[in-house]
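# Coordinate analysis (summary)
The lines below spell out each chain.
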Amino acid sequence: MTMDVAPIEPKTEGAKRFLAQSRRRMLIADEWVDAASGRTFDTVNPATGVVLAQVAAGDATDVDRAVAAARRAFESSAWRDMIPAQRARLLWKMADLIEQNIDELAELETLDQGKPVWVGRYAEIPGAIEQFRYFAGQAMRIEGTTIPTSINYQPAGKKVFAYTVKEPIGVVGAIVPWNSPIVLTAMKIAPALAAGCTMVLKPAEDTSLTAIRLAELMVEAGFPPGVFNLVTGLGEAAGAALAAHPGVDKIAFTGSTEVGKLIVQAARGNLKKLTLELGGKSPAVVLDDADLELAIPGAANAIFFNSGQVCVAGSRLYVHEKVFDRVLEGVAAYARGIKLGNGLDPSTQMGPVVSRKQADRVAGYIASGLSEGATAVAGGRQLGPAGTFIEPTVLVGAKPTAKVVREEIFGPVVVATPIRSLEEVPAIANDSEYGLAASVWTQDLSAAHRLAAQIRAGTVWINCHSMYDATLPIGGMKQSGWGRDSGHQALDNYLETKTVCAVI
Ligand code: NAD
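Residues numbered from 1 in each chain as written. Predicted model: local features only at pLDDT ≥ 70, side-chain atom pairs only at ≥ 80, totals over all residues. Heavy atoms only, no water.

## With respect to the overall build of the protein
When its secondary structure is counted, the protein shows 16 helices and 27 strands. For 504 residues, the compact-globule estimate of 2.2 N^0.38 gives 23 Å, and the C-alpha radius of gyration of the protein, at 24 Å, lies within 12% of that figure. Projected onto its principal axes, the C-alpha coordinates of the protein cover approximately 75 × 60 × 40 Å. Expressed as a percentage of the 504 residues in the protein, the buried residues total 57%. Here the contacts in the protein between residues at least 6 apart in sequence split such that 75% fall between residues at least 24 apart. Element-wise, carbon and sulfur atoms account for 54% of the exposed surface of the protein, whose accessible area totals about 20,000 Å². (Helix = DSSP H or I, 4+ residues; strand = E, 2+ residues; numbered from the N terminus. Rg over C-alpha atoms; globule rule 2.2 N^0.38 Å. Buried < 20%, exposed > 50% of the residue type's maximum accessible area, 1.4 Å probe, protein only. Contact = heavy atoms within 4.5 Å. Areas by Shrake-Rupley, 256 points an atom, 1.4 Å probe, with all protein chains shown as cover.)

This is the structure in structure tokens:
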């Protein structure tokens, strides 16, 4: 493992210009405003600990203003009567604008979040662009059905004509986390606006900068004022106020299971609709016939990509005992070979985790794993000038009851465990309160598809892990959430079905 954390300036003029304005505002009804309280909070470069900007600390008052703006926009004819093709054009324009500014956005994301710049540039931001393009198309396929009924008591000579129409749910509050901000934000904005809703976005406090830049691009794309609003701020202030607001019809949340449960409580007041994309503790299972050339780097990437800050990260690695030693040594060697550093250095393979708080949390989990009897065969240390780097870490010997096996760590830490047979895989894989994702590595097609059916997870990958596409639903069973993002059915998260039944 090598590491180089020299401070690096962004290269793009856009990122330099954006950072020159150190006080950042929120967007309400197309106006850039400070928090009503005047308060701000610092956003910090996790690689260096340097403050990048002061961001408006919105609270309940600002949420009120933003929700009122979204409601006015929802009821305005400018948005309500806009034909689907025009909504599609605006979403497509947004995709084009993101594409035109991709290098700047990638640099801003790296500065604020820490990830290697190539992760944003070549994986996550292209993924965000595809969300906008995919849902631009979906905006024009919102359809009801005509329904032949069996109602037999209509007046003589009359017929029943029944049909459904799909209508936008109304004002959406979107609350997103810090691990992959641009693409997770796109996964909320694109379907919500394709469906004809209006919205208030609350980004994570650790990563507000690209949300602010995206809001600028939303204005440039030409959405009517108030259709998209941005309230930055802390979760317990701005996020909680949005989740509880009686004027919000639906919350689309991505974040931890713990906060997801708070959102459920907050939403009770007006029984607002919810979709919850929550945490995971996903198994990666390597069977004895797996192609290890694929499985070893695959299992390593499943956990170390984005410093393990991936909801679907393969954090529980189960390997058949016949190949356990080879896979363990392969994944450990991969971990030791990863170059840590400032994400703006193009040779960096892994950046810091998002904040000192998160690094301390991950380090606490490693310490707990070791104290509960596990051994680190790679990594284990917390490093860097701001204490935000965690070495890619491979633990073995943890009991099934250990915290590192049961709880989501959300850092570059994998627990490897041998298994004896194919038959025990479903019970081991399903031994978790989470059910977000899993991967199975084998050349036996029938074993792969039988396990895909037996594992209780929203996604099962075969001979791969963390493969996303705008067409593929993503979300969890059990305590990993309610509903799915991505894929055409995500549109239904933002639509109500109205039944019209007429005697004609
Ligand atoms: P978090 O739950 O701490 O925060 C998520 C968002 O909720 C942030 O914007 C935060 O400000 C806000 N928030 C915090 N407290 C709140 C409250 N009381 N009321 C309303 N909003 C509040 O999560 P995080 O640490 O930012 O992100 C990591 C988590 O997100 C992990 O658990 C990860 O698995 C999950 N995640 C899930 C998916 C998925 O698709 N299932 C994708 C990415 C991340």
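## Structural notes on the site of the ligand
The environment of the ligand is made up of 27 residues, and the closest members are Lys-202, Glu-205, Ser-256, Leu-278 and Glu-408. In the environment of the ligand, an oxygen atom lies 3.3 Å from a nitrogen or oxygen atom belonging to the backbone of Gly-255. Here the ligand loses 89% of its free accessible area of 850 Å² to cover by the protein chains. Elements that contribute at least two residues to the shell around the ligand include exactly helix H9 (235–244), strand E12 (250–254) and helix H10 (257–266). Looking at side-chain class alone, the shell around the ligand contains 16 nonpolar, seven polar and four charged residues. (Near = heavy atom within 4 Å. Polar contact = N/O pair within 3.5 Å; in protein donor to acceptor, adjacent residues only side chain to side chain. Nonpolar A, V, L, I, M, F, W, Y, C, P; charged D, E, K, R; others polar.)

## What to know about the sheet that holds strand E23 (residues 437–441)
Strand-to-strand pairing in sheets goes through backbone hydrogen bonds, with the strands running parallel or antiparallel. Sheet architecture is open: seven strands sit in the order E17-E20-E21-E15-E14-E23-E24, paired in mixed fashion. Of all strands in the sheet, those with a lone pairing partner are strand E17 (375–378) and strand E24 (459–462), marking the two edges. Neighbour to neighbour, the strand axes of the sheet diverge by 25° on average, direction disregarded. With five bridges joining them, strand E15 (residues 314–320) and strand E21 (residues 413–419) adopt parallel strand pairing. (Pairing = 2+ DSSP bridges. Axes fitted to C-alpha atoms, helices over the stretch in contact; angles between N-to-C directions.)

## Observations concerning the sheet that holds strand E7 (residues 146–147)
Judged by pairing direction, the sheet is antiparallel, and its three strands sit side by side in the order E7-E8-E27 without closing on themselves. Each edge of the sheet is formed by a strand with only one pairing partner; in this case those strands are E7 and strand E27 (495–503). In this structure, E7 lies alongside strand E8 (residues 160–168), joined through two bridges in antiparallel fashion. Residue Ile-147 lies in a different strand from E8, and its bridge partner there is Ala-162.

## What to know about the nonpolar core
Burial of nonpolar side chains together is a common tendency in soluble globular proteins. With 109 residues, the main nonpolar core has Phe-223, Phe-304 and Leu-317 as its most contacted residues. Per element, the largest residue contribution to this core is 10 residues, and it comes from helix H7 (residues 181–194). The contacts of Leu-317, once residues within four sequence positions are left out, are Ala-284, Val-286, Ala-299, Val-327, Val-331, Val-414, Val-415, Ala-416 and Thr-417. In this structure, Ala-398, Ala-447, Leu-451 and Ile-455 belong to the second largest nonpolar core, which totals 27 residues. (Core = buried A, V, L, I, M, F, W, Y, C linked by side-chain atoms within 4.5 Å.)

## Some details on the side chain of Glu-104
Mapped onto the elements of the fold, Glu-104 is located in helix H5 (residues 102–113). Leave out the neighbours within four places in its chain, and Glu-104 touches Thr-12, Gly-14, Ala-15, Phe-18 and Arg-213.

## Focus: the pairing of E24
Of the two faces of E24, only the one carrying Thr-459 and Trp-461 is buried; Val-460 and Ile-462 on the other face are not. Examined bridge by bridge, E23 and E24 share four bridges and lie parallel to one another. Note on E24: the bridge partner recorded for Val-440 is Ile-462. The parallel pair E23 and E24 is bridged by helix H16 (residues 445–454), and the resulting crossover is right-handed. (Right-handed = clockwise from strand over helix to strand, strands pointing away.)

## Here we look at the packing of aromatic side chains
For the structure shown, the criterion picks out six aromatic pairs. Note on Phe-161 and Tyr-163: the rings are 5.3 Å apart at their centroids and 40° apart in plane angle, and the pair reads as tilted. Judged by relative accessible area, which is 37%, Phe-161 ranks as partly exposed. A cation sits over an aromatic face here: Arg-24 above Phe-18, 3.9 Å from the ring centre. For the cation-ring pair, Lys-250 lies above Tyr-494, with the distance from its terminal atom to the ring centre recorded as 5.1 Å. (Phe/Tyr/Trp six-rings, centres within 6.5 Å; stacked < 30°, edge-to-face > 60°. Lys NZ or Arg CZ within 6 Å of the ring centre and 35° of its normal.)

## Some remarks on the packing of H5 against helix H6 (residues 117–138)
Packing of H5 against H6 brings their axes to within 9 Å, and their N-to-C directions diverge by 120°. In terms of orientation, H5 lies oblique with respect to H6. Along this stretch, H5 crosses H6, giving a crossing that reads as right-handed. From H5, Ile-102, Asp-103, Leu-105, Ala-106, Glu-107 and Thr-110 reach across to H6, where they touch Val-117, Gly-120, Arg-121, Ile-125, Pro-126 and Ile-129. Classifying every residue of the contact of H5 with H6 by side-chain character gives seven nonpolar, two polar and three charged. (Parallel < 35°, antiparallel > 145°, perpendicular 65-115°, else oblique. Left-handed = near helix turned anticlockwise from the far one by under 90°.)

## Section: the side chain of Asp-345
The topology assignment puts Asp-345 in the loop between strand E16 (339–341) and helix H13 (356–371). According to the relative accessible area criterion, Asp-345 is buried, its value standing at 15%. A distance of 2.8 Å separates a polar side-chain atom of Asp-345 from the backbone nitrogen of Ser-347.

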